[in-house]
Structures are given as structure tokens and as C-alpha cells.
Amino acid sequence: MNKHMLKDMIDVARGDKKASLVLKNCNVINVFTNEIIQGDIAIWNDKIVGIGKYFGEVEMDLTGTYIAPGFIDGHVHIESSMVSPSQFAKAVVPCGTTTVIADPHEIGNVKGLDGIKYILKDSENIPLDVQIMLPSCVPATSFENSGAVLKADDLKKLINEDRVLGLGELMNYPGVINGDDDVLDKILMAGDKLIDGHGPVIEGKKLNAYAVSGVRTDHECTTIKEMEDRLRVGMYILIREGSATKNLRTLIGEVNKNNINRCLFCTDDKHPEDILENGHIDNNIRLAVKEGIEPIDAIKMATINAAQCYKLKGKGAIAPGYIADLVVIDDLKSLNILKVFKEGKIVAEKGEPLFDVQPSDIHKVENTVNIKDFTMDKLEINLKSDKANVIELLPHNVVTKKVKEKVNVVNGKFVSDGKDILKVAVIERHKGTGNVGLGLVKNFQLRNGAIASTIAHDSHNLIVIGDNDEDMAQAVEEIKRIGGGLTLVSEKKILKSLSLEIGGIMSKKPLKEVSKELKGMIEIAYEKLHVNRDLEPFMTLAFIALPVIPEIKVTDLGLFDVTNFKFIDISL
């Protein structure tokens with residue numbers, strides 16, 4: 001800002017010059033004093049210059065409405081929406097979200113720095129501020145093969161980018177606590193920038209060790225005790241309400257006048273249909289109000305608290321000198337969003353975006369399915385007996401149970417007998433290693449077919465489940481053909497596929513289109529393949545491959561006992 005621009009702002013604020021835009025007769029939510037202030041909001045270019053009685057070159061009467069600061073998502077993986085950042089913006093901006101703190105962990109595990117650069121590029125010049133936390137755990141563990149390995153020296157190349165705020169969630173909390181050299185290098189690389197946490201179950205002196213490393217946030221609290229412990233060591237608590245993991249109702253009752261300034265909202269992972277049906281951060285606010293939080297307090301958690309946590313200058317409030325990111329709502333309980341302003345310009349109205357986006361070049365993040373030497377015989381599971389270690393799926397949960405089951409064996413090999421034990425395979429798809437990890441799954445209930453996906457947290461290898469090898473192999477070939485994505489197969493016929501050409505995890509299409517296609521595929525999985533309706537088929541499949549969530553998972557390296565942190569045999 002130069003002296004001339006500053007003088008103009010002062011003249012407008014003083015009332016000696018008309019504002020660029022005046023929002024007339026507003027009920028302004030003041031997050032500093034917990035008040036509703038009636039008046040006009042004067043805007044000069046992208047800044048708020050005053051609240052009171054003002055006149056503007058353009059005036060908009062908003063009598064009867066409430067104006068809140070733009071909402072901020074404190075921690076999100078945009079990739080979970082299954083669309084590009086620019087298409088994601090078209091979905092969440094109408095929900096009132098004007099800023100997100102994004103951790104491109106998923107695309108980082110597929111394409112490394114090229115993946116992060118793609119997120120940065122595609123989120124330029126859109127009416128959504130996408131601030132980046134560099135992924136700290138690529139790969140997430142040493143028990144699987146990802147598409148990239150990012151060390152401190154790699155991350156250092158991006159740490160000084162304008163929109164990079166710091167180091168993303170430190171999922172390798174044992175590495176932090178035990179002083180692992182690679183982890184400490186990343187912490188030191190971040191310098192004075194922010195460090196996000198991911199530390200479930202840590203307590204006592206181990207929590208002290210985690211906090212002393214510089215971790216200042218945690219979004220993994222699932223109990224009141226975890227929340228209290230982290231507040232006491234000076235962390236901000238990000239209360240999460242995503243698609244797979246929902247913690248708001250458990251934690252929100254602990255929020256009070258003594259700790260509310262340390263609490264904010266995040267979504268973490270939010271899938272397409274969930275965004276369209278329930279909203280984004282506005283959903284967190286509504287749920288908090290239903291659970292007894294005062295509406296202005298809930299809005300503070302979605303605005304000024306997040307801005308202060310992540311040191312976002314000029315964001316999170318409606319006051320002179322703040323950026324004019326504003327949300328117009330009808331009332332404080334239903335929180336029906338009428339209009340959204342970004343930097344003083346209207347960008348959404350009545351649930352629809354008023355902007356278009358231009359897709360970025362994706363050539364460095366497409367064609368990511370590189371499978372070599374795959375033949376159907378690699379799906380065979382040899383067993384010493386009819387007893388096996390089996391992954392039992394639990395309803396509405398990403399946690400699994402390790403069980404011992406009697407299974408059908410023919411000539412020393414597992415064969416599905418139409419009952420509820422299915423074969424699952426994780427096929428390395430980044431570097432053409434030929435790795436195929438195998439396991440057995442209970443409670444998925446699929447019959448007469450196979451389902452495959454290249455969304456498989458966190459390394460995003462190809463995962464396929466089925467009751468016969470022919471359909472499973474057909475599904476693998478279809479995923480290769482479409483360049484990554486999702487597919488359903490029955491009797492060697494492709495029932496439906498969804499191409500996710502960006503890293504095998506995101507589409508260039510609008511979120512509404514992706515959601516419609518995904519919803520149709522889920523219904524086919526239930527109706528034609530008889531998948532257990534207590535499970536979301538693709539989400540469940542994605543988490544079967546994540547070897548940091550108990551009790552038992554499978555990666556491209558084999559069956560993994562998460563509780564004991566070691567690979568185990570299928571056969572007993």
C-alpha cells in the first residue's frame with residue numbers, strides 16, 4: 001500500500017469521501033466484543049474502512065440480515081473433495097468459507113513437490129485463500145511405498161513461498177518424541193513458522209516432549225481428556241467435523257469462556273456429497289449452536305480464533321483495516337447463507353458461486369498409474385490351514401478389528417465360498433515395483449464382483465477387493481485404462497468408472513458432477529454388488545490401506561498388525 005492509497009482509506013473512513021461499496025443497515029457481528037452492532041459497512045477496494053453511517057459509489061441494502069467475517073477452515077485436505085482446488089472453491093465459497101489452511105499431504109504422497117506446486121498453482125486467482133502447510137510425513141510410514149519421499153531439504157525449497165505458513169501435521173509423533181533425526185530436521189527447517197500436530201493418545205511427559213518441539217495445534221482429539229491435556233500445554237484445539245471422523249459433539253461441551261479463544265474448527269477430510277448436503281465450516285457452526293454454544297461464540301471459532309492461530313493478518317473480523325471477507329446470513333441459528341463477499345466483491349449468492357475458474361496444467365500430476373508385471377496369479381493367497389488372520393470391518397468406522405477366522409481353502413489356496421470373507425489386494429502403482437500385498441476382509445459383504453480405487457490412504461496405491469480373481473484383475477486393468485480413479489466390476493463387465501486424472505485422487509470436473517457420479521457408483525455397489533450398507537464402500541476401502549489406524553491393515557508390502565507395529569502372515 002502506498003501513501004496515496006492510505007490517504008484514500010482514511011478519507012473514506014472519516015466520511016469525507018464515498019466508499020467503493022457500502023453494505024447498508026447491517027447487523028454486524030463483532031467478534032471482539034460479542035456484540036451485534038447495527039450500521040453500514042464501508043468498503044474501500046478490498047478493505048473495510050468503517051462501520052457507522054456511510055455513503056458509497058455502490059450501495060446494497062441488507063436490512064434484516066447478519067454479517068459475519070468469512071469462515072476459515074483450520075485444517076483440510078482438499079484432495080478428499082476429489083476435485084481440484086479451483087473446483088473445491090466453487091463448492092465451499094457459497095458455504096461462507098473464504099480461507100482454508102490446506103495440507104496437500106495426499107497429492108504429496110503421489111507426486112511429491114510437483115503435487116504441492118500443483119495445489120499452489122491451481123489455487124491462484126480464485127476467491128478462496130488457500131494457505132499451505134507443507135506435508136511433514138511423505139511417506140506416512142515406512143510400511144508402504146508411496147510415490148515420493150520428502151525430506152527437510154526438499155521441503156525447504158517451498159518453505160518461503162508466500163502462502164506457505166509452516167509444517168503440516170506431524171503424524172510421526174513417535175519420531176518427534178524420540179528425537180528422530182529426519183523429523184527434527186523438518187521441525188528445524190520450519191524455523192519460526194507454524195507447526196501442526198497430529199498426536200492422538202499422547203499424554204504426560206510424552207505430550208510435553210511433543211509440545212516442546214514447537215507443535216501448536218492438534219485436530220486429533222477424540223476425548224475431553226485429550227482436549228484438556230493439549231489446552232494445558234498451550235496448543236490450539238481444532239474441533240473436527242469431517243466425513244469419516246466427527247468429533248464436534250464429543251468435544252464442544254468442553255468449550256467455555258476460559259478456553260474458547262484456543263478453539264477453532266476444521267473439516268480435515270470432507271467428501272463431495274457431504275459438502276453439497278451439509279455444507280462446510282458453516283456446518284460446524286450450526287452443529288455447535290445446536291449443542292448449546294452461543295452463536296457469536298461459534299462464529300468466533302470459525303473466524304477470529306482461526307485467524308489468530310494461523311497469524312492471518314487482517315482476517316477473521318469486521319473492523320476498520322480488515323480484509324472485506326464477509327458472509328451475509330439470515331439468522332444466527334439456521335445460518336442460511338445468502339451472500340458471500342471476498343475482498344469486497346460478491347462471489348456467491350443463494351448457494352451458487354458467481355465466479356468461474358480456469359483449470360491449471362496437470363501434465364506433471366497425471367498418468368500416475370504405473371503398474372508393472374501384474375498378472376492374476378499375484379492375487380493368489382496360499383494358506384497352510386483353513387485358519388487365517390482376517391481384517392474385520394466395523395460399521396461407520398475406519399478402525400478395524402483383527403480376528404481369526406475359518407476360511408475356505410482349495411488346493412492350498414483361499415477361495416471365496418460366497419460367504420463373508422473377501423480378498424483384498426494393495427498393488428503398488430507409483431514406481432512399478434510389482435509389489436502386491438494381500439489380505440482377507442470380513443463384513444464388506446460384496447458378492448459377484450470387485451471394486452477398485454487409487455484413493456488408498458496415505459500412499460494411494462491401487463486397492464481392490466472382490467470375491468473372485470477374474471473380476472479383481474479386470475478392475476485393475478480398468479483403473480490402468482482410466483489413469484486412476486474408481487471402478488466397479490461384475491462378471492468381467494465394467495459397471496461404472498470414475499476417472500480421477502489428477503494424481504489418481506482428484507478430478508477436473510465440478511464437484512457437483514463428481515458427487516453425482518460417485519453417488520451413482522455407491523448405489524450400484526449396494527444394489528448390484530450387495531455391499532454392506534453400514535459401510536461407505538470407497539471410503540472404507542481407502543482406509544483398509546492406512547497402517548497407522550488400529551488394529552490391522554494391508555499395504556503393498558503385506559498384512560500389517562498396527563497394534564504390534566509389524567507385518568504378519570495371513571495364514572495361522
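Cut-offs used in this document
- Residues numbered from 1 in each chain as written.
- Predicted model: local features only at pLDDT ≥ 70, side-chain atom pairs only at ≥ 80, totals over all residues.
- Heavy atoms only, no water.
- Helix = DSSP H or I, 4+ residues; strand = E, 2+ residues; numbered from the N terminus.
- Rg over C-alpha atoms; globule rule 2.2 N^0.38 Å.
- Buried < 20%, exposed > 50% of the residue type's maximum accessible area, 1.4 Å probe, protein only.
- Contact = heavy atoms within 4.5 Å.
- Lys, Arg positive; Asp, Glu negative; His and termini not counted.
- Charge placed at Lys NZ, Arg CZ, Asp CG, Glu CD.
- Core = buried A, V, L, I, M, F, W, Y, C linked by side-chain atoms within 4.5 Å.
- Expected span 1.5 Å × (residues − 1).
- Pairing = 2+ DSSP bridges.
- Axes fitted to C-alpha atoms, helices over the stretch in contact; angles between N-to-C directions.
- Disulfide = S-S within 2.5 Å.
- UniProt positions renumbered as here; feature names shortened; annotations may be inferred.
- Patch = residues over 30% accessible without salt bridge, like charges linked within 9 Å, V, L, I, M, F, W, Y side chains within 5 Å.
- Areas by Shrake-Rupley, 256 points an atom, 1.4 Å probe, with all protein chains shown as cover.
- Salt bridge = Lys/Arg side-chain N within 4 Å of Asp/Glu carboxyl O.
- Phe/Tyr/Trp six-rings, centres within 6.5 Å; stacked < 30°, edge-to-face > 60°.
- Lys NZ or Arg CZ within 6 Å of the ring centre and 35° of its normal.
- Arc of directions from axis to C-beta.
- Polar contact = N/O pair within 3.5 Å; in protein donor to acceptor, adjacent residues only side chain to side chain.
- Domains from an automatic or database assignment.
- Buried area = accessible area lost by both parts, 1.4 Å probe.
- Nonpolar A, V, L, I, M, F, W, Y, C, P; charged D, E, K, R; others polar.

1. A short note on the overall build of the protein
Counting its secondary structure elements, the protein contains 16 helices and 30 strands. Against the 2.2 N^0.38 benchmark of 25 Å for 572 residues, the protein shows a C-alpha radius of gyration of 25 Å, consistent with a compact globule. For the protein, the spread of C-alpha atoms along the three principal axes comes to 90 × 50 × 45 Å. For the protein, buried positions account for 62% of its 572 residues. Long-range contacts, defined here as pairs at least 24 residues apart, represent 68% of the contacts in the protein between residues at least 6 apart. Positive and negative charge centroids in the protein, built from 71 and 83 side chains respectively, lie 1 Å apart.

2. Let's talk about the nonpolar core
Counting residues in hydrophobic clusters, the biggest one holds 155 residues, and the most contacted among them are I239, F265, I285, F444, I451 and V464. Setting aside residues no more than four positions away along its own chain, F444 makes contact with L393, D420, L422, I451, I465, V531, N532, L535, P537 and T540.

3. Some points on helix α15 (residues 511-527)
For α15, with 17 residues, the first-to-last C-alpha span of 24 Å sits near the 24 Å given by 1.5 Å per residue. Taken together, the buried positions of α15 are L511, V514, S515, E517, L518, M521, I522, I524, A525 and Y526. Elements in contact with the buried residues of α15: α2 (85-92), α10 (272-278), β24 (450-453), β26 (485-490), β27 (493-499) and α16 (537-544).

4. Points about the sheet that holds β26
Read from one edge to the other, the open sheet built from eight strands follows the order β19-β18-β23-β22-β25-β24-β26-β27, with strand pairing classed as mixed. Edge positions in the sheet fall to β19 (400-406) and β27, since each of these pairs with one other strand and no more. Taken pair by pair, the neighbouring strands of this sheet meet at an average axis angle of 25°, ignoring direction. Of the strand pairs in this sheet, strand β22 (residues 421-427) and strand β25 (residues 462-466) are connected by five bridges, and their pairing is antiparallel.

5. Description of the state of the cysteines
For the coordinates displayed, the defined rule picks out zero disulfides. Not engaged in a disulfide, the cysteine C95 finds its nearest cysteine sulfur in C266; these two sulfurs lie 16 Å apart. Under the relative-accessibility criterion, C95 is labelled buried at 11%.

6. So, the UniProt feature "domain: Amidohydrolase-related" (unreviewed entry) in the protein
If you check UniProt for "domain: Amidohydrolase-related" (unreviewed entry), the listed places come out as residues 66-347 in our numbering. Spanning residues 66-347, this segment combines 34% helix with 20% strand, and its end C-alpha atoms are found 17 Å apart.

7. Quick look at a nonpolar patch on the surface
Side chains of M1, M5, L6 and I10 sit close together on the surface and give an oily, nonpolar patch of about 390 Å² of accessible area. The residue M1 is located in the segment before α1 (3-14) in this model. The class of M1 is exposed, set by a relative accessible area of 62%.

8. Describing the packing of aromatic side chains
Throughout the structure, instances matching the rule amount to six aromatic pairs. Ring centres of F560 and F567 lie 5.1 Å apart, and the angle between their planes is 70°; this geometry places the pair in the edge-to-face category. Classification of F567 by relative accessible area gives partly exposed; the value is 35%. In this arrangement the basic side chain of K24 is found over the ring face of F55, its NZ or CZ atom lying 4.9 Å from the centre. The ring of Y236 carries R262 above its face, with NZ or CZ at 3.9 Å from the centroid.

9. Structural notes on helix α6 (residues 181-189)
Within the sequence span of α6, burial applies to V183, K186, I187 and M189. The buried residues of α6 occupy an angular sector of 160° when projected down its axis, which confines them to one face. Along α6, exposed side chains directed more than 90 degrees from the buried face belong to D181 and L188. Structurally, α6 contributes buried residues whose contacts are with α4 (152-155), β9 (164-170), α5 (173-177) and β10 (194-197). Put simply, D180 is the residue that caps the front of α6, since its side-chain oxygen is 3.0 Å from the backbone nitrogen of D182.

10. Here's the deal with the domain arrangement of the protein
Domain parsing of the protein yields domain 1 (3-64), domain 2 (70-314) and domain 3 (376-567). For domain 2 and domain 3, the distance between their C-alpha centres works out to 28 Å. Counting from both sides, the interface comprises 31 residues of domain 2 and, opposite them, 40 residues of domain 3. When the two sides are added together, the surface that domain 2 and domain 3 hide from each other amounts to roughly 2,900 Å², 67% of it contributed by carbon and sulfur. Summed over the three residues of domain 2 that lose the most area to domain 3, namely M82, F143 and N145, the buried surface amounts to 26% of that side. Inspection of the region where domain 2 meets domain 3 yields one salt bridge. Here K519 ties to E273 by a salt bridge, and the two come within 3.7 Å at their closest N and O atoms. Joining domain 2 to domain 3, the criterion identifies nine residue pairs in polar contact (both at pLDDT 80 or more). Listed by contribution, the elements that provide at least two residues to the side of domain 2 that touches domain 3 are α2, α3 (105-122) and α10. Here the side of domain 2 that touches domain 3 takes seven residues from α3, the largest share from any one element. Partitioning the side of domain 2 that touches domain 3 into residue classes produces 14 nonpolar, 12 polar and five charged.

11. Considering the UniProt feature "domain: Adenine deaminase C-terminal" (unreviewed entry) in the protein
Taken from the UniProt record, the annotation "domain: Adenine deaminase C-terminal" (unreviewed entry) applies to residues 398-566. Helix makes up 23% of residues 398-566 and strand 33%, with an end-to-end C-alpha separation of 19 Å.

12. Quick notes on the environment of E366
With respect to the helices and strands, E366 occurs in the loop between β17 (352-353) and β18 (387-393). Relative accessible area serves as the criterion here: at 27%, E366 is assigned to the partly exposed category.

13. What about a negative patch on the surface?
A surface patch of like charges, here negative, comprises D153, D180, D181 and D185. Relative to the helices and strands, D181 resides in helix α6. For D181, a relative accessible area of 57% gives the class exposed.

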